[in-house]
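Below are the chains, spelled out letter by letter.
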Amino acid sequence: MIVRNIVEDVESVFESLPESKEFDVAFACYPEDGSGNIELRTIEAIHWDDDEEFFLVPSGCAKHFSLQPTQYKAGQFLDVLKNKINDEIADYCAYARARVKIAKDGSVVSLNSPLWGTGYHEQEQLLYFYHGKQSNDVT
């Protein structure tokens, strides 16, 4: 998934479910235990780097990347993406900072997992992006 796909997917969700503009933004994955459950983590920051990679940063981790935490609502998230991205960034690969660890020396290590889809949960009021294993990979 690239940043342009995120914008298109979010716009599509808004067309079918306008109230989703007020949903919180998260990323989701299927745990490796094969349960078929979905683990959700809200995000508090986005950023990109010179390696043409775009990242969703989970809540509680923005400070480790020197980013300002933001409680995104989906409509605001889309506006930020549209206002900040340009044609170059629109084609960056998108990842979730799935696991973030702080080493003893204070350096930040993260496991980044590619985004592959978009979903929403009406009851929990979440708009989320899948990463990691796809549902058909879960045994």
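The coordinates are above.
Residues numbered from 1 in each chain as written. Predicted model: local features only at pLDDT ≥ 70, side-chain atom pairs only at ≥ 80, totals over all residues. Heavy atoms only, no water.

**A word on the overall build of the protein chain**
Of the regular secondary structure elements, the protein chain holds 3 helices and 6 strands. Listed by position from the N terminus, the elements making up the protein chain come as α-β-β-β-α-α-β-β-β. Expected size for 139 residues packed as a compact globule is a radius of gyration near 14 Å; at 15 Å, the protein chain falls within 12% of this value. Each principal axis of the C-alpha distribution contributes one length, and for the protein chain these read about 45 × 40 × 25 Å. Per-residue burial over the protein chain gives 40% buried out of 139 residues. Of all intrachain contacts in the protein chain linking residues separated by at least 6 positions in sequence, the fraction that spans at least 24 positions is 55%. About 7800 Å² of surface is accessible on the protein chain, with carbon and sulfur atoms providing 42% of the total. Taking the average location of the 12 positive side-chain charges in the protein chain and that of its 24 negative ones, the two points are 7 Å from each other. (Helix = DSSP H or I, 4+ residues; strand = E, 2+ residues; numbered from the N terminus. Rg over C-alpha atoms; globule rule 2.2 N^0.38 Å. Buried < 20%, exposed > 50% of the residue type's maximum accessible area, 1.4 Å probe, protein only. Contact = heavy atoms within 4.5 Å. Areas by Shrake-Rupley, 256 points an atom, 1.4 Å probe, with all protein chains shown as cover. Lys, Arg positive; Asp, Glu negative; His and termini not counted. Charge placed at Lys NZ, Arg CZ, Asp CG, Glu CD.)

**Here we look at the nonpolar core**
Within the largest apolar cluster, 29 residues are counted, with the highest numbers of intra-cluster contacts made by I6, I46, F54, L56, F77 and F129. Looking at this core, the elements with two or more residues in it are helix 1 (3-16), strand 1 (24-29), strand 2 (39-48), strand 3 (53-58), helix 2 (74-84), helix 3 (87-90), strand 4 (93-102) and strand 6 (126-131). Per-element accounting of this core gives the leading share, 6 residues, to helix 1. Residues within four places of L56 in sequence aside, it is in contact with F27, I43, A45, I46, F77, Y95, A96, R97, L115 and F129. Among the nonpolar cores identified, the runner-up in size contains 6 residues, and A28, Y30, Y128 and Y130 belong to it. (Core = buried A, V, L, I, M, F, W, Y, C linked by side-chain atoms within 4.5 Å.)

**So, the pairing of strand 2**
Here strand 1 runs beside strand 2; their pairing, made up of 4 bridges, is antiparallel. From the neighbouring strand, C29 faces strand 2, where its bridge partner is E39. As paired strands, strand 2 and strand 3 are joined by 5 bridges and run antiparallel to one another. Looking at strand 3, one finds that A45 is bridged to V57. The turn linking strand 2 back onto strand 3 is made up of 4 residues, and E52 within it adopts a positive phi angle of 60°. (Pairing = 2+ DSSP bridges.)

**Brief notes about the environment of G132**
Relative to the helices and strands, G132 resides in the segment after strand 6. Judged by its relative accessible area of 34%, G132 falls in the partly exposed class. When the C-alpha positions of G132 and H47 are compared, they lie 19 Å apart, and in sequence the two are 85 residues distant.

**Quick word on the pattern of salt bridges**
Per the stated rule, a full pass over the model turns up 3 salt bridges. Residue D24 is joined to K73 by a salt bridge in which the shortest nitrogen-to-oxygen separation is 2.9 Å. Residue D24 is found in strand 1, and its partner K73 is found in the loop between strand 3 and helix 2; the two are separated by 49 residues along the sequence. The exposure class of K73 is partly exposed, given its relative accessible area of 32%. (Salt bridge = Lys/Arg side-chain N within 4 Å of Asp/Glu carboxyl O.)

**Brief notes about the packing of helix 1 against helix 2**
Look at helix 1 against helix 2: their axes get within 10 Å of each other, and the N-to-C directions meet at 145°. Helix 2 is crossed by helix 1, and the crossing has left-handed handedness. Within the contact between the two elements, helix 1 uses I6, V7, V10, E11 and F14 and helix 2 uses A74, G75, F77, L78, L81 and K82. By residue class, the composition of the contact of helix 1 with helix 2 is 8 nonpolar, 1 polar and 2 charged. (Axes fitted to C-alpha atoms, helices over the stretch in contact; angles between N-to-C directions. Left-handed = near helix turned anticlockwise from the far one by under 90°. Nonpolar A, V, L, I, M, F, W, Y, C, P; charged D, E, K, R; others polar.)

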